[in-house]
Amino acid sequence: MTVATFTDARTFLDVAAPFLAVDAISTNVIAVVTERLAAADPAPAETTRWFIVSVDDQATGAAMANAPWNLFVSAMQPGAAGRLASTVADRGLSIPGVTGEAATVAEFVAAWTETTGRPARRAGGRHVYVLDDLDEPDDIDGAARRFDDDEVPLVADWLTAFHDEAVADDPDVDTRDVAEQRIGQGEMWAWTVAEQPVALAACSAPTVGVARVGPVYTPPGRRRHGYGAAVTAAATRSAFDAGATRVMLYADVDNPTSNGIYQRLGFRFDHDAEQYQFD
């Protein structure tokens with residue numbers, strides 16, 4: 001079993017392409033972020049590290065260390081995550097935590113804590129859902145549209161609120177910058193009532209045929225009207241229109257409301273993901 005390390009986004013994509021195509025779901029975060037870095041002009045400083053774990057020259061897993069974010073790991077065969085943990089530690093890379101497919105994360109955490117002596121704490125779990133055919137709701141008041149450039153401040157405020165409420169263990173980011181980028185790329189959808197936004201959902205461009213919805217956010221005063229389901233459906237439909245063959249999303253395991261909404265839209269459970277932070 002070998003672990004190859006990459007420092008260039010395009011080189012990693014070229015080498016990892018066959019594996020990313022085989023497992024387009026658990027690798028989606030890695031593929032989307034890497035493609036954005038590869039397409040950036042000017043190219044960002046090369047601080048990201050990518051890894052491919054192989055057995056007999058066949059890739060069995062991929063990972064990405066993109067500071068200040070956690071190491072993100074795909075699903076891997078048993079033994080691969082432990083070897084990856086040893087490699088990352090031996091090379092002196094400092095990572096704040098690990099996120100990804102649950103069994104891979106568990107193996108990585110066990111090996112990492114044994115190797116480094118750093119304790120780990122669980123920071124949350126996600127159900128990963130995949131959708132092939134959308135069951136759109138047809139009884140929700142309002143309409144969908146993309147957010148406009150002049151709505152960046154509103155979207156930034158909502159992204160901050162989403163972070164604080166749902167993913168507080170994730171690094172703080174410049175939500176205005178995120179809003180500008182994703183609105184500019186046409187990835188940010190609004191559900192509107194009386195022409196006013198009442199909910200948002202973002203959706204990435206398809207990568208290896210898979211688009212990912214997230215985040216989805218409805219302000220507290222607008223909840224329990226179906227707006228979150230409606231805007232999720234709109235973002236999902238846009239992904240299929242853009243050529244996606246499947247759409248995926250992450251849902252908090254401790255939020256039965258959102259899980260129920262996604263299932264009613266046609267999303268089916270694929271796997272569990274976990275997040276651990278290293279203290």
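Below, the structure is looked at part by part. If you're wondering where the values come from, they're calculated on a predicted model, not measured in any experiment. Each residue is numbered by its place in its chain's sequence as written, counting from 1. Reporting in this predicted model follows two pLDDT cut-offs: at least 70 for local features of residues, and 80 or more for side-chain atom pairs to be given and counted; totals over whole chains, interfaces and linings ignore these cut-offs and use all residues. Excluding hydrogens and water, the side-chain values take into account all heavy atoms of the structure.

Side note on the side chain of S54
Filter applied, for reference: Strands here mean DSSP runs of E at least two residues long; helices mean DSSP runs of H or I at least four residues long; both are numbered from the N terminus. In this description, contact between two residues means that some pair of their heavy atoms is separated by no more than 4.5 Å.
With respect to the secondary-structure elements, S54 resides in strand β2 (residues 49-55). For S54, the contacting residues outside a window of four places in its chain are M1, T2, A59 and T60.

Topic: the pattern of salt bridges
Heads up, the rule is: Only one rule defines a salt bridge in this text: a Lys or Arg side-chain nitrogen within 4 Å of an Asp or Glu carboxyl oxygen.
Summed over all chains, the structure comprises eleven salt bridges. Among the ionic pairs, E165 bridges to R223, the shortest N-O distance being 2.9 Å. Linking E165 in helix α5 (residues 152-166) with R223 in the loop between β10 (210-217) and α7 (227-241), this pair joins segments that are 58 residues apart in sequence. Here the salt bridges share partners, and the residues they tie into one network are R36, R182 and E187.

Topic: the packing of aromatic side chains
What counts is decided by this rule: Only centres within 6.5 Å qualify two rings of Phe, Tyr or Trp (six-membered ring in Trp) as a pair; their planes then separate them into stacked at under 30 degrees, edge-to-face at over 60, and tilted for everything else. Each residue is assigned to one of three classes by its accessible area relative to the maximum for its type, calculated with a 1.4 Å probe on protein chains only: buried under 20%, partly exposed between the two thresholds, exposed over 50%.
Counted under the stated rule, the structure contains eight aromatic pairs. Arranged with centres 6.4 Å apart and planes meeting at 85°, the rings of F147 and W158 form a pair that is edge-to-face. In this pair, F147 is assigned in the loop between β7 (143-146) and α5 and W158 in helix α5, connecting sequence segments eleven residues apart. Across the pair, W158 and F147 agree in class, each one buried. A connected cluster of aromatic rings, assembled from ring pairs, spans F6, F12 and W50.

What to know about α5
Worth spelling out the cut-off: An expected span of 1.5 Å times one less than the residue number is assigned to each helix. The arc in question is the one traced by the directions running from the helix axis out to the C-beta atoms.
Taking 1.5 Å per residue, 15 residues should reach 21 Å; α5 reaches 20 Å between its end C-alpha atoms and fits that length. Listed as buried for α5 are V152, V155, A156, W158, L159 and H163. Each buried residue of α5 lies within a common arc of 165° when the element is viewed along its axis, so the set occupies one face. In α5, the exposed positions that point more than 90 degrees away from the buried face belong to D157 and D164. In this structure, the buried side of α5 is in contact with α6 (175-184), β8 (188-193), β9 (196-203) and β10.

Digging into the sheet that holds strand β5 (residues 97-101)
The condition that has to hold: Note: two strands are recorded as paired if DSSP finds a minimum of 2 bridges between them. Axis definition: a line fitted to C-alpha atoms, limited for helices to the stretch in contact. Angles are taken between N-to-C directions and run from 0 to 180 degrees.
Reading across the sheet, the twelve strands line up as β1-β2-β3-β4-β5-β12-β6-β11-β10-β9-β8-β7 and stay open at both edges, with mixed pairing between neighbours. In the strand order of this sheet, the two ends are held by β1 (2-6) and β7, each with one partner. Each strand of the sheet is rotated relative to its neighbour by a mean of 25°, with strand direction disregarded. Relative to β5, strand β4 (residues 71-73) is paired through three bridges, and the arrangement is parallel.

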